[in-house]
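The chain contents come next:
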Amino acid sequence: MEGIKKREHAEIFVLGKRVDDVTAHPFLKPSVKSFKATFDAAFEEDTRGLARAYSPFVGEEVNRFVHIHQGPEDLVAKVKLLRKLSHKTGTCFQRCVGWDALNTLYVISGKIAEREGRKEYLNRFIEYLKYVQRNDLALAGAMTDVKGVRTLRPSEQPNRDAYVHVVEEKAGGIVVRGAKANITGVAVVDEVVVMPTRAMTERDAEYAVSFAIPLDTPGVKVVVGRQINDGRRLEGGEIDGLPYMFNHEGLLILEDLFVPWERVFLYKEWRWAAQFVEVFSNYHRQGYAGCKSGLGDVIIGTAHGLARQLGIADKPHVQEKLTEMVFLNEAIYSAGLAASWEARRLLKNGGWWVDPMYANVTKHLVARFPYEVAKLSHDIAGGLLGTAPSEADLKNPELRPLLEKYLQGVPEFTAEERLRMLRLLENTSLSVAYLVESVHGAGSPQAQRISIQRVYDFQRAEAIARRLAGLKAEASGDARAEPRRPAEAEK
Ligand code: SF4
């Protein structure tokens, strides 16, 4: 928190005003706390084991959020850690995007070195990685460009800056311009890793660029996005005013920013842009299994608590709904674990990547099931979820005895307990972190459907069917049970 207290250069805006100290600003403080949880996890008893990992690059233990996966166990640990952290924060803790960016850069720069014998990107990246690991930095990953006209390629856009691109090459580095949208945690990180957002052609070469910059760099502007009920953060208080944690996203504007060569990890490498996006998005899709199932636990627990407060927890229809919520939640988690245990190596000596089918299935479930879980929790909570009086009402001496009398259900629970649980349910089940992010984060649902379709081997499935139907079909000789085609990154 000390490290990000005072920015000298980066301009961060919240509700139209410039913020000097993100750690003290009521709008961003909940987000800083959530980020902080990822550091604390390495020291807290229940997460210490998951949140630390041995890094062969620096020869010591590092926070897992800056670790390069060394095998399937590391990918499993990632999912478990994220589930635990959702329990501690009740929101998105924002540091995973930068972590996935590190692993992607390792894979892509490693592949360029292995396939094309060009080692400069890998060497630069390893030096950067060591710096990040030794200093335990928090990184944002900036992938999504603002994109302008969606049907046009970057080089065809009427607005040349609709995708981040190189505008000048200098002896010591490059000058870039453009903006990245929906960037998780961007106002409170140490550094930002910028990545290409789509497949490119040769004409788009200037857009096929990846680099890292400290957030506090001249030419950086961040406009923090609004979220539902965000005005409550400015109220203070302990119930309504978001006393716990939250996330934020923002628009990152890079206006003629200088990036030294040692921070450039991909330069006009248009041939590698598609794989870059594939590797990154699959890492992040797998991660959702952990954080979203962890949020699901919070919501299920809150719904269960509210049902007990109302005296309906053992009613068959409530039990039925709770069981359905658990099933949906665990389905998400299971798919993410499968994606992790079925990990594969993309480099000769590492570059451990998730199973692309299960990573996409995970994220596709996440794009659907949280809405179901949220609906069921609202059903159990009752209409007061949308109409409950404010914390200020409860604190009004004239109203308090009346609210205590009329908002109480089962006598062992107070009206304040009910209000607190209702607010928690509202802030989690209706949050950007649990709903909108679940649909669009790590790629919108259509992106997963395209990946699923690409990776499933329909010809092999048909051959299986034809043999059973007594029709001529050649035996595939494929020992794998799953009809699969390799993802681009596996070729
Ligand atoms: Fe991490 Fe989940 Fe937030 Fe992505 S959505 S940054 S995986 S907590």
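Provided above is the structure to which this section pertains.
Residues numbered from 1 in each chain as written. Predicted model: local features only at pLDDT ≥ 70, side-chain atom pairs only at ≥ 80, totals over all residues. Heavy atoms only, no water.

A. Fine view of the overall build of the chain. Tallying secondary structure elements over the chain gives 16 helices and 14 strands in all. The globule rule puts the C-alpha radius of gyration for 491 residues at 23 Å, and the 24 Å found for the chain is close to it. Along the longest, intermediate and shortest principal axes, the C-alpha atoms of the chain span 75 × 70 × 50 Å. Within the chain, the fraction of its 491 residues that count as buried is 55%. Restricting the contact set of the chain to residue pairs at least 6 apart, pairs at least 24 apart contribute 76%. In the structure as shown, the chain presents an accessible area of about 20,800 Å², 53% of it carried by carbon and sulfur atoms. When the 67 positive and 65 negative side-chain charges of the chain are each reduced to one mean point, those points stand 3 Å apart. (Helix = DSSP H or I, 4+ residues; strand = E, 2+ residues; numbered from the N terminus. Rg over C-alpha atoms; globule rule 2.2 N^0.38 Å. Buried < 20%, exposed > 50% of the residue type's maximum accessible area, 1.4 Å probe, protein only. Contact = heavy atoms within 4.5 Å. Areas by Shrake-Rupley, 256 points an atom, 1.4 Å probe, with all protein chains shown as cover. Lys, Arg positive; Asp, Glu negative; His and termini not counted. Charge placed at Lys NZ, Arg CZ, Asp CG, Glu CD.)

B. Fine view of helix α4 (residues 96-116). Here α4 contains 21 residues, and its C-alpha end-to-end distance of 30 Å stays within 8% of the 30 Å for a straight helix at 1.5 Å per residue. Most of α4 is tucked away: 18 of the 21 residues are buried. At the exit of α4 stands Gly117, carrying a positive phi of roughly 70 degrees. (Expected span 1.5 Å × (residues − 1).)

C. Structural detail: the pattern of salt bridges. This structure, assessed with the given rule, holds 38 salt bridges. Residues Lys130 and Glu127 are paired through a salt bridge, measuring 3.5 Å at the closest nitrogen-oxygen approach. Of this pair, Lys130 and Glu127 both sit in helix α5 (residues 120-135), separated by three residues, roughly a single helical turn. On the accessibility criterion, Lys130 (21% relative accessible area) is partly exposed. As a salt-bridge pair, Glu488 and Lys491 come within 2.5 Å of each other at their nearest N and O atoms. Since its relative accessible area comes to 38%, Glu488 is described here as partly exposed. (Salt bridge = Lys/Arg side-chain N within 4 Å of Asp/Glu carboxyl O.)

D. Just the sheet that holds strand β12 (residues 264-267), in detail. Pairing within the open sheet is mixed, and its four strands lie in the order β5-β8-β9-β12. At either margin of the open sheet sits one strand with a lone partner, and together these are β5 (139-142) and β12. Across the sheet, the mean angle separating the axes of adjacent strands is 20 degrees when strand polarity is ignored. Two elements, strand β8 (residues 191-194) and strand β9 (residues 209-214), share four bridges in a ladder whose sense is antiparallel. Along β9, the bridge assignment pairs Glu191 with Pro214. Relative to β5, α4 is tilted by about 65 degrees, and along the sheet it contacts β5, β8, β9 and β12. (Pairing = 2+ DSSP bridges. Axes fitted to C-alpha atoms, helices over the stretch in contact; angles between N-to-C directions.)

E. A look at the site of the ligand. Taken together, Leu82, Cys92, Phe93, Gln94, Cys96, Val97, His284, Tyr288, Cys291, Lys292 and Glu437 make up all the residues around the ligand. Those elements giving two or more residues to the shell around the ligand turn out to be α4 and α6 (273-310). With four residues, the top contributor of residues to the shell around the ligand is α6. Within the shell around the ligand, the residues separate by chemical class into seven nonpolar, two polar and two charged. (Near = heavy atom within 4 Å. Nonpolar A, V, L, I, M, F, W, Y, C, P; charged D, E, K, R; others polar.)

F. Summary view of the sheet that holds strand β11 (residues 249-260). With mixed pairing, the six strands of this open sheet are ordered in space as β2-β1-β10-β11-β7-β6. Two strands close off the open sheet at either side, each with one partner strand: β2 (17-19) and β6 (165-169). Averaged over all adjacent pairs, the angle separating strand axes in this sheet is 20 degrees, with direction ignored. Sheet topology note: the strand β10 (residues 220-224)/β11 ladder contains five bridges and is antiparallel.

G. Quick look at the packing of aromatic side chains. Tallied over the entire structure, the rule returns 10 aromatic pairs. Note on Tyr106 and Phe125: the rings are 6.5 Å apart at their centroids and 40 degrees apart in plane angle, and the pair reads as tilted. Of this pair, Tyr106 sits in helix α4 while Phe125 sits in helix α5, and the two are 19 residues apart along the sequence. A relative accessible area of 12% means that Tyr106 is categorised as buried. For the ring pair Trp261 and Tyr267, a centre distance of 5.1 Å and an interplane angle of 90 degrees mean the geometry is edge-to-face. The residues Trp261 and Tyr267 share a single accessibility class, namely buried. Every member of this aromatic cluster is reached through a ring pair, and the members are Phe57, Tyr106, Phe125, Tyr128, Tyr131 and Phe265. Above the face of the Phe27 ring, Arg233 is positioned so that its terminal group lies 4.5 Å from the ring centre. Over the face of the ring belonging to Tyr288 we find Lys292, whose NZ or CZ atom lies 4.8 Å from the ring centre. (Phe/Tyr/Trp six-rings, centres within 6.5 Å; stacked < 30°, edge-to-face > 60°. Lys NZ or Arg CZ within 6 Å of the ring centre and 35° of its normal.)

H. Layout of the side chain of Lys363. Tracing the backbone through its elements, the reader meets Lys363 in helix α8 (residues 356-366). Excluding its chain neighbours within four sequence positions, the residues that come into contact with Lys363 are Arg285, Tyr288, Ser438, Val439, His440, Gly441, Ala442, Gly443 and Gln448.

I. Representation of the packing of α4 against α6. Look at α4 against α6: their axes get within 9 Å of each other, and the N-to-C directions meet at 140 degrees. Judged by the angle between their axes, α4 and α6 are oblique. Between α4 and α6 lies a crossing whose hand is right-handed. Residue-level contacts link Cys96, Val97, Asp100, Ala101, Asn103, Thr104, Leu105, Val107, Ile108 and Lys111 of α4 to Gln275, Phe276, Val279, Phe280, Tyr283 and His284 of α6. A per-class count over the contact of α4 with α6 returns 10 nonpolar, four polar and two charged. (Parallel < 35°, antiparallel > 145°, perpendicular 65-115°, else oblique. Left-handed = near helix turned anticlockwise from the far one by under 90°.)

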